[in-house]
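# Analysis of the macromolecular model
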Amino acid sequence: MTLLAQIPPLQIPDIAWSAISPELVLFGVGILALLLDTAGPQRLQASFLVFGFAAAGAGYIALSTEQSVLPGLVGLAALGQFALTAIWRDRPRLLSALLAALGFAGAIGVTTWQWGAYSGRLVGADAATFVGTDSLLGGMVAVDGVALFTRVTVCLAGLVTVPLSFAYAEERRIHRGEYYPLLLFAATGMTLLASSADFIMVFIAIEVLSLSLYILAGFAKRDLNSQEAALKYFLLGAFSSALLLYGIALVYGVTGSTNIAEAGRAFSSLDAPQGMAVAAMALLIVGFGFKTAIVPFHMWTPDVYQGAPTPITGFMAAATKAAAFAAFLRVFVGAFAPLQWSWTPVLWVLAALTMLAGAILAVVQNDVKRMLGYSAVAHAGYVLIGFVAVNRAGVSGVLVYLLIYTFMSLGSFGVLALLERRNHKAMAIDDLRGLGRRDPVPAGMLALFLLSLAGIPGTAGFVAKFAVFRAGIEAGHAALVVIAVVSSVIAAFFYIRVIVAMFMEDVPEGVAAEAPLAPSTGMSAGIAFSAAVMVAFGTVLPFLLVDLADQAATFVS
Amino acid sequence: MQAAFPLVFAALLFCVGVFGVLSRRNAVLVLMSVELMLAAVTINLVTFGLLAADRGDVVLTGQIFALFVLAIGAAEVGVGLAIILLLYRNRATVNIDDADLMKY
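Here the structure is a predicted model, which is why all the values come from computation and not from measurement.

## Let's talk about the overall build of chain A
Within chain A, the regular secondary structure consists of 23 helices and zero strands. Expected size for 557 residues packed as a compact globule is a radius of gyration near 24 Å; at 24 Å, chain A falls within 12% of this value. C-alpha atoms of chain A, sized along the principal axes, occupy 95 × 65 × 45 Å. Relative to its full complement of 557 residues, chain A shows a buried share of 60%. Taking as baseline every contact in chain A between residues at least 6 positions apart, the subset at least 24 positions apart corresponds to 80%. Accessible surface, chain A as shown: approximately 20400 Å² in total, 69% of it carbon and sulfur. Charge-centre separation for chain A: the mean point of 28 positive side chains lies 6 Å from the mean point of 30 negative side chains.

## Comments concerning the overall build of chain B
For chain B, the count of helices and strands is three helices and zero strands. The helix and strand sequence of chain B, counted from the amino end, reads α-α-α. Relative to a compact globule of 104 residues, whose C-alpha radius of gyration would be 13 Å, chain B shows 17 Å and is clearly more extended. C-alpha extents for chain B along the principal axes are approximately 55 × 25 × 25 Å. A total of 104 residues make up chain B; the buried ones form 43% of that total. Across chain B, the fraction of contacts at a sequence separation of at least 24, relative to all contacts at a separation of at least 6, is 60%. Side-chain charges of chain B comprise 6 positive and 7 negative groups, with the mean position of each set lying 8 Å from the other.

## Regarding unusual backbone geometry
Even without being glycine, Arg173(A) reaches a positive phi, approximately 55°. In this fold, Arg173(A) is placed in the loop between helix 7 (145-171) and helix 8 (179-194). When its relative accessible area of 75% is taken as the criterion, Arg173(A) is described as exposed. Phi at Ala92(B) takes a positive value of approximately 60°, unusual for a residue other than glycine. With respect to the helices and strands, Ala92(B) occurs in the segment after helix 3 (61-91).

## Notes on the packing of aromatic side chains
For the structure shown, the criterion picks out 28 aromatic pairs over all chains. What links up through ring pairs into an aromatic cluster is the set Phe267(A), Phe288(A), Phe325(A), Phe328(A), Phe332(A), Phe336(A), Trp343(A) and Phe387(A).

So, how was this worked out
Residues numbered from 1 in each chain as written. Chains lettered and ligands numbered in written order. Predicted model: local features only at pLDDT ≥ 70, side-chain atom pairs only at ≥ 80, totals over all residues. Heavy atoms only, no water. Helix = DSSP H or I, 4+ residues; strand = E, 2+ residues; numbered from the N terminus. Rg over C-alpha atoms; globule rule 2.2 N^0.38 Å. Buried < 20%, exposed > 50% of the residue type's maximum accessible area, 1.4 Å probe, protein only. Contact = heavy atoms within 4.5 Å. Areas by Shrake-Rupley, 256 points an atom, 1.4 Å probe, with all protein chains shown as cover. Lys, Arg positive; Asp, Glu negative; His and termini not counted. Charge placed at Lys NZ, Arg CZ, Asp CG, Glu CD. Phe/Tyr/Trp six-rings, centres within 6.5 Å; stacked < 30°, edge-to-face > 60°.

Given below as structure tokens:
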């Protein structure tokens, strides 16, 4: 006993779990869905075990810390998953999808709570511990406006992807158990990437999301296109991760720290531009450029977007871009802002190239998914305008753009998934001829999303473009905005070409009458929700969104 | 030892990896080249970690980061080989130039 008494007491670090609560929710639900799928016919027992452990843990926390809200919520969630499993124990896919949707909704709920603490409306003892400080979890995680806004964007994208996927995956016979868990893990990586304040965390989060997405891109494993998409995405993704990692290693070598804010401070106090610092920044730009599909590094985008299962394409286009741009912003606009003379000209040129090349290459495409892939490249260019502005309006414009783009992308890919279900093949523009006569509702929805992608005034896409263009003009990049307008005009051509094919051309002769579209409830709900959000942000609520993004456009430092 | 030796070695190794990715057409060799690049980064991180330790970094950030890189590199190889195997089963080739179904 005397020996034991000599051991000094352990200093248990105080871990701010509430800072990464959305990630914990997403990851926990992912593991749960995976477990219930693996358990097979014994899923009810597995679910009961989870309920037992969670309830016991919640009870222990409630007794030892005298808190009631958090353990109560955990207990309720545990009970809820048991009830769901009991009700749908014979329909594992539906159960998995429901859990995934609830997981995304729960993560949005937790992020809303964090936002309350962030904006000061929710004053509590807990709030001050994780908001606006850069020393969370050893300086690994930052909970600031950009992180919170991007978390919501990513989780909304996931929430819409789940119902869009359900009937599509069922029909293509790719509805295997790991689908929804992988979606949740990818979203975990994305939310983590958006809130990482350390380069170690950036790397881990990028790998978590990429590894999940490589598998999801090749999920239709009997389909040669899907395999090819997975291979190309994997090889180029791994290559770009290695380049990014070399850049990170050089930053660490120059500054002696992997913390983003500290590295930025050390960078700006360098007296002379060192070769290593320049190489580090160039490698970081290349690495992030691959992830966000900026032009010289966009080669994988059209192939992967065309080959991957359509709802996954929508998710990738929307959520990956949002998360990668958040980290890109945090590193460059947040930390390296004092060095902006060195990197804004580079990104200026890349933005111009991206906008023009994306729009021009999209014009010559015939496959609609591939065309939307190139249009995603062009949209990355528009986002870069807000980026090179390097001011608060620019950051807020980027956030608005990425949220609105999420719904435009998911909506348009959702309608394509609906059409592919009937035709059992990829859609070329010719296949869309006369669609407006036969199926006016889906054609109208697709037209709405395309008009919004084109940025016609009165749509949400216009609000998004206006936000980044305004930031660009304010920062004195008028020439870049002119290039963006030219690119928008070129882009409008191919969006409107699809609309003309749908509404003004007849069904080509010799084509047998096709079966009527049979939209599933989930697909209709997902598409209708995206359309409703588009219309709301385009007409009634744009100021609300822009205000929110303005509040969110800060970094901790 | 001069810190420049491992750094130059890592830079050369990285260049070999980049050259391999760009020039090889066999998917397995491309994957190996990516692994070379990751190994180069690991050497870099350990070297910079030692330099930082000389300057008083007690947490050994570089060494810990190197462990993360190794672990994630292993996960990446797992996923990558699975994808390449899938391709081989369907096409009996792992040449990435043969994966050209999608063109405009």
